[in-house]
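# A look at the structure
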Amino acid sequence: MTRRHPASAFTLIELLTVIAIIGILAGIVIGVGRRASESGREARAKVELAAISTALESYKRQYGDYPRTNSSTGLLKALVGKADANGDPVNTRTLLDLELFEFDGATDPTTDHTLSLIDPWDQRYVYVYKDRTSWSNHSYVLYSMGPDQESVATLTSAGYLNLEASANLDNIYAK
């Protein structure tokens, strides 16, 4: 009498089960990776906004006011020492460590005055100067539009952004 050994192969059910488990694990790993990447971008935006805020305070000490512009191009021009508070040309030292930032062009921001600082989502940081005549809280508004790259940029009557607007919920603010 000869003995028959059962076939040592996987059944179709076993193969499908293993493939399903691998698919589920891959989905979990990809999801965690995306969340980590997004958290990293948010952290980077917060650090950059803090550095810009510090530079703005140094700028105010030097010129007596914040840059009187509502453009990100004018903001960068002021912080690299090429414009005073009124936007008039000057040639002083830069207040930012330019190695820490990205710009919307490949040229040197100290010579190309059309550049802007960009956030981790490749959008310009938003800067709004609030003058003494219009606002009781003379200062500025500085923020990144965040992951959805949208914002409702109009200021409320008190001079602040409308934080209740759905487009502003993911914005990252300097102050």
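As shown above, the structure is provided for reference.
Residues numbered from 1 in each chain as written. Predicted model: local features only at pLDDT ≥ 70, side-chain atom pairs only at ≥ 80, totals over all residues. Heavy atoms only, no water.

## Topic: the sheet that holds strand β3 (residues 126–130)
An order of β3-β4-β5 is seen for the three strands of this open sheet, with the pairing classed as antiparallel. Where the open sheet ends on each side, the last strands, each with one partner, are β3 and β5 (172–173). Where β3 and strand β4 (residues 139–144) come together, five bridges link them in antiparallel fashion. Residue valine 126 lies in a different strand from β4, and its bridge partner there is tyrosine 143. On top of the sheet, helix α1 (residues 12–63) reaches β3, β4 and β5; it is set at about 160° to β4, its chief contact. (Pairing = 2+ DSSP bridges. Helix = DSSP H or I, 4+ residues; strand = E, 2+ residues; numbered from the N terminus. Contact = heavy atoms within 4.5 Å. Axes fitted to C-alpha atoms, helices over the stretch in contact; angles between N-to-C directions.)

## Remarks on the nonpolar core
Grouped together as the largest cluster of nonpolar side chains are 27 residues, with contacts concentrated most on Ile52, Leu56, Leu79, Leu96, Leu117, Tyr127 and Leu142. Listed by contribution, the elements that provide at least two residues to this core are α1, α2 (72–79), β3 and β4. For isoleucine 52, the contacting residues outside a window of four places in its chain are Leu75, Leu79, Leu96, Phe101, Leu117, Tyr125 and Leu142. With five residues, the next largest nonpolar core counts Val126, Val128, Val141 and Met145 among its residues. (Core = buried A, V, L, I, M, F, W, Y, C linked by side-chain atoms within 4.5 Å. Buried < 20%, exposed > 50% of the residue type's maximum accessible area, 1.4 Å probe, protein only.)

## What to know about the pattern of salt bridges
For the coordinates displayed, the defined rule picks out four salt bridges. Arginine 44 is paired through a salt bridge with glutamate 48; the nearest N and O atoms lie 3.0 Å apart. Note that arginine 44 and glutamate 48 are positioned in helix α1 at a spacing of four residues, about one turn of the helix. For aspartate 104, the salt bridge is made with arginine 124, and the minimal N-O distance between the two is 3.0 Å. With aspartate 104 in the loop between β1 (102–103) and β2 (117–118) and arginine 124 in the loop between β2 and β3, this residue pair connects regions lying 20 residues apart in the sequence. (Salt bridge = Lys/Arg side-chain N within 4 Å of Asp/Glu carboxyl O.)

## Considerations on the packing of aromatic side chains
One pass over the structure, following the stated rule, counts three aromatic pairs. Ring centres 4.6 Å apart and planes at 40° place the aromatic pair tyrosine 59 and tyrosine 63 in the tilted group. In this pair, tyrosine 59 and tyrosine 63 both sit in helix α1, four residues apart, roughly one turn of the helix. With a relative accessible area of 0%, tyrosine 59 lands in the buried category. Classification of tyrosine 63 by relative accessible area gives partly exposed; the value is 23%. By the ring-pair criterion, three or more aromatic residues cluster together here, those being Tyr66, Tyr127 and Tyr140. (Phe/Tyr/Trp six-rings, centres within 6.5 Å; stacked < 30°, edge-to-face > 60°.)

## Description of the side chain of aspartate 65
Take aspartate 65: it is sitting in the loop between α1 and α2. Here aspartate 65 falls in the buried class, since its relative accessible area comes to 1%. For aspartate 65, the residues in contact, after removing those within four places along its chain, are Tyr59, Lys60, Ala85, Tyr129, Arg132 and His138.

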